[in-house]
Amino acid sequence: MNLLLFVCLALGMTGCGSDGDSSSGGEGEVVIEKLRFGSDVYDVEELDWVKPDLYVTLQGHAGSEELYDFKTDPYQISLTADNTDVVSIEEEGRIGGVKKGATIVKARSPRYTGYANTVINVLPPVRFSTLYFEKDLYIADTEVNFTPQMICRMSNEKEEHPIDMKKYGHRLEWTLEDASIAQVDEKGQFKALKEGATRVVVSSKWADVTPATQVLFVDRKADQWLGEWVLSDKGDNALLAGKLYMSLKKDNSFEWYQNINTPAGFKKFIGTYTMDKKGETCHMSGKYDDNSPLTQEYELTLEKDVIRMKGLSDGLTQVFVRTVIPDFVKDEAEFTPRSVSRGTVEPLL
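An account of the accompanying structure is given in this report.

Here is what the cut-offs are and how they apply
- Residues numbered from 1 in each chain as written.
- Predicted model: local features only at pLDDT ≥ 70, side-chain atom pairs only at ≥ 80, totals over all residues.
- Heavy atoms only, no water.
- Phe/Tyr/Trp six-rings, centres within 6.5 Å; stacked < 30°, edge-to-face > 60°.
- Helix = DSSP H or I, 4+ residues; strand = E, 2+ residues; numbered from the N terminus.
- Buried < 20%, exposed > 50% of the residue type's maximum accessible area, 1.4 Å probe, protein only.
- Lys NZ or Arg CZ within 6 Å of the ring centre and 35° of its normal.
- Salt bridge = Lys/Arg side-chain N within 4 Å of Asp/Glu carboxyl O.
- Pairing = 2+ DSSP bridges.
- Core = buried A, V, L, I, M, F, W, Y, C linked by side-chain atoms within 4.5 Å.
- Contact = heavy atoms within 4.5 Å.
- Polar contact = N/O pair within 3.5 Å; in protein donor to acceptor, adjacent residues only side chain to side chain.
- Axes fitted to C-alpha atoms, helices over the stretch in contact; angles between N-to-C directions.

## Re the packing of aromatic side chains
For any two aromatic rings, the description comes down to two numbers: the centre-to-centre distance and the angle of the planes. Under the definition given, this model contains 12 aromatic pairs. Between Tyr 245 and Phe 266, the ring centres sit 6.0 Å apart and the planes meet at 55 degrees, which makes this aromatic pair tilted. Of this pair, Tyr 245 sits in strand E22 (residues 244-248) while Phe 266 is found in the loop between strand E23 (253-258) and strand E24 (267-278), placing the two residues 21 residues apart along the sequence. There is no split in this pair, since Tyr 245 and Phe 266 are both buried. Through a chain of ring-to-ring contacts, the aromatic side chains of Phe 133, Tyr 138, Phe 146, Trp 174, Phe 190 and Phe 217 assemble into a single cluster. Across the ring face of Tyr 115, the terminal group of Arg 108 is positioned such that the distance to the ring centre comes to 5.1 Å.

## A look at the pattern of salt bridges
One pass over the full model with this rule turns up 14 salt bridges. In this structure, the salt-bridge partner of Lys 330 is Glu 228, at a minimum N-O distance of 3.0 Å. Placement of Lys 330 in helix H3 (residues 327-332) and of Glu 228 in strand E21 (residues 227-235) is noted, with a sequence separation of 102 residues between them. Notably, a salt bridge pairs Glu 255 with Lys 249, separated by 2.9 Å at the nearest N-O pair. You can call Lys 249 partly exposed: its relative accessible area is 31%. Several salt bridges share partner residues, and in doing so they unite Glu 45, Asp 48 and Arg 171 into one network.

## A short note on the sheet that holds strand E6 (residues 66-67)
Taken in spatial order, the 3 strands make up an open sheet running E2-E5-E6, and their pairing is antiparallel. Each of the sheet's edge strands pairs with one partner strand only, and the pair in question is strand E2 (32-37) and E6. Bridge count for strand E5 (residues 54-58) against E6 is 2 bridges, and the pairing is antiparallel. Its bridge partner being in E6, Val 56 is matched across the sheet by Glu 66.

## Remarks on the nonpolar core
Phe 128, Leu 131, Met 150, Ile 163, Leu 172, Trp 174 and Phe 217 are the most contacted members of the largest nonpolar core, which has 26 residues in total. The set of elements that each furnish at least two residues to this core consists of strand E12 (128-133), strand E13 (137-141), strand E14 (150-154), helix H2 (165-168), strand E16 (173-176), strand E18 (190-192), strand E19 (196-203) and strand E20 (212-218). Look past the residues within four positions of Leu 172 in its chain and what remains in contact with it is Phe 128, Leu 131, Met 150, Ile 163, Met 165, Val 202, Ser 203 and Ser 204.

## Quick notes on the side chain of Thr 198
Mapped onto the elements of the fold, Thr 198 is located in strand E19. In terms of polar contacts, Thr 198 uses its side chain to reach the backbone amide nitrogen of Glu 177, at 3.4 Å. A distance of 2.9 Å separates a polar atom in the side chain of Thr 198 from the backbone nitrogen of Asp 178.

## A word on the environment of Lys 51
Counting through the fold element by element, Lys 51 comes out in the loop between strand E4 (49-50) and E5. What makes Lys 51 partly exposed here is its relative accessible area of 38%. Counting along the chain gives 44 residues from Lys 51 to Ile 95, while the straight-line C-alpha distance between them is 6.1 Å. Other than its neighbours up to four places away in sequence, Lys 51 contacts Glu 92, Gly 93 and Arg 94.

## Looking at the sheet that holds E20
Taking strand neighbours across the sheet as the criterion, the 4 strands line up as E13-E20-E19-E16 in an open arrangement whose pairing is mixed. Each of the sheet's edge strands pairs with one partner strand only, and the pair in question is E13 and E16. Averaged over all pairs of adjacent strands, the angle between strand axes in this sheet comes to 30 degrees, irrespective of strand direction. In terms of strand pairing, E16 meets E19 through 4 bridges, oriented antiparallel. Bridge pairing links Glu 173 to Ser 203 in E19.

Have a look at this one:
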């Protein structure tokens, strides 16, 4: 305990005091009978802020204490610090830690005779030693608010753990690459505005990194085969995982990106598809841009964010998972008309 804090407590300098002013407001105005902080001492780190609880009891309402709302500020309560080198008084009852030390903070109102006080103890800052998103891509329902999981380790800790958003969420600043897709609040909770994906970047003056991720919002009420997909390491073509991407669009067009037997990198094929529902499965057929049919037709089984495509000719099952096709794939992919690729580069669809 530092010296100033010890002296303050020893002399009973927290709690309530008097300015020697008996003024209690004009006639008919609400008068405060009691004003007190919720604690004698509040700790705050440098660069951070704390919002002390302040309780008000109105005259004639003994036993009916209420937590004061600085946002609406009905009784014009102001906070002052004895040592403004240690703390700063901010908006809505927040007190910022400036440098290590301690000071008395007082609460006053023109409707109260006297003041309430507490001690603010400013501690050295605890920084993020590590801070990152648990996943590179999060898939969320457009109808449900969503918070992506972040992992951190504080400078005074040995182990990494999920971040405590209630404690540290206000230290993070969220930036959305496409603000038309979603909104995000100060606690990292997303609310979708429409279907789509956006890159998300988090910065903090308590961290030396700026972690990023992508959030894809999906309308679960729409046909679930719509969207972008990547071949996973499940199924019969596991060795080809990450080398095949597929985009199925609402207008029944498709884009197929392939990096197999393509020496110059990804090739892009386009065409149209037809999906016929048959109970819990779908029958998929289609044709390429030159009206030639797909290599074979498929039976699709749909699960949440997973498509199992069984070829009706070769009997092999390919497993695709929902994704956002990377920009480098789309930028690199050379569009190849099917009429030109025939006999040289054969699409695996």
